[in-house]
Amino acid sequence: AIFGTGALLLLLIAGIAVAVAVINPNDYKQQIQALALKATGKQLVLHGDLSLSVFPGISIDTGAGELRDDESFGTEPFLRLEKASASVAFFPLLSGEVWICDVSISGVRLKLAVNNQGLANWHFQPAAPGQTGHPAGSDKAGQSAAPPGKEPYLSAIALAVLQVRDVLGHYPAMP
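Residues numbered from 1 in each chain as written. Predicted model: local features only at pLDDT ≥ 70, side-chain atom pairs only at ≥ 80, totals over all residues. Heavy atoms only, no water.

(A) Inspection of the side chain of Asn-121 at higher detail. Structurally, Asn-121 can be placed in the loop between strand 7 (100-111) and strand 8 (161-170). Looking at Asn-121, the relative accessible area reads 0%, which means it is buried. Side-chain polar atoms of Asn-121 contact the backbone oxygen of Lys-111, separated by 2.8 Å. Those residues in contact with Asn-121, other than ones at most four positions away along the chain, are Lys-42, Asp-69, Phe-73, Phe-78, Lys-111, Leu-112 and Ala-113. (Helix = DSSP H or I, 4+ residues; strand = E, 2+ residues; numbered from the N terminus. Buried < 20%, exposed > 50% of the residue type's maximum accessible area, 1.4 Å probe, protein only. Polar contact = N/O pair within 3.5 Å; in protein donor to acceptor, adjacent residues only side chain to side chain. Contact = heavy atoms within 4.5 Å.)

Here you go:
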């Protein structure tokens, strides 16, 4: 029984090592960017390569990136970052669940703005199917025009660790 468990564990570790050697996370960059647009209504641009590692946990790291606003908020992106990483617990993946263990973001530059229509750029709205830019249909507070009970916002995120370093926020003075 001990040898069987040890052999199974060794096989599992070898499988993970082969997967990391074969899987190139950059092959999924466009899908990640499309999911970000769908979830937030903002365009995600990842400038650097993505890297995947399995020790001490399964994690993905990225270099510089931006989360871009609709052009009605100006040309400067909503968010810039120098690097980011996220790791997930391995065993829940075997049962089809994703448990995010920690997220680390460094070199964050955040621009909060209100456009000429009075919409705030910090209210995220999922993109409509086929939409390639910032969603329309918000009220002046930036809230979704979705009917009650159909709010498009993410309701909860549970993280063991969220670490944000070197943050600079900019909010223009109100007239």
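(B) Seen up close, the nonpolar core. One finds Ala-36, Leu-44, Leu-46, Leu-50, Leu-67, Phe-78, Leu-79, Leu-81, Ala-84 and Val-108 forming the largest nonpolar core, which totals 10 residues. Of all the secondary structure elements, the ones that give two or more residues to this core are strand 1 (43-46) and strand 5 (79-81). Setting aside its immediate chain neighbours within four residues, Leu-81 contacts Gly-63, Ala-64, Gly-65, Ile-105, Ser-106, Gly-107 and Val-108. (Core = buried A, V, L, I, M, F, W, Y, C linked by side-chain atoms within 4.5 Å.)

(C) View of the pattern of salt bridges. Counted by the stated rule, this structure contains five salt bridges. Two residues, Asp-69 and Lys-42, come together in a salt bridge whose shortest N-O distance is 2.6 Å. Of this pair, Asp-69 sits in the loop between strand 4 (65-68) and strand 5 while Lys-42 is found in the loop between helix 2 (29-40) and strand 1, placing the two residues 27 residues apart along the sequence. The pair Asp-69 / Lys-42 is uniform in exposure class, with both members buried. Across the salt bridge formed by Asp-69 and Lys-111, the nearest N and O atoms sit 3.9 Å from each other. Within this pair, whereas Asp-69 is found in the loop between strand 4 and strand 5, its partner Lys-111 is found in strand 7, the two being separated by 42 residues in sequence. Lys-111 shares its class with Asp-69; the two are buried. (Salt bridge = Lys/Arg side-chain N within 4 Å of Asp/Glu carboxyl O.)

(D) Structural detail: helix 2. A rise of 1.5 Å per residue sets the reference length of helix 2, with its 12 residues, at 16 Å; its end C-alpha atoms lie 16 Å apart and thus fit the reference within 8%. Residues of helix 2 that are buried: Lys-29, Ala-36, Leu-37 and Thr-40. The buried residues of helix 2 all sit within an arc of 100 degrees when viewed along its axis, so they share a single face. Among the exposed residues of helix 2, those pointing more than 90 degrees away from its buried face are Gln-30, Leu-35, Lys-38 and Ala-39. Residues of helix 2 that are buried make contact with strand 1 and strand 4. Phi for Gly-41, located one or two positions after helix 2, is positive at around 80 degrees. (Expected span 1.5 Å × (residues − 1). Arc of directions from axis to C-beta.)

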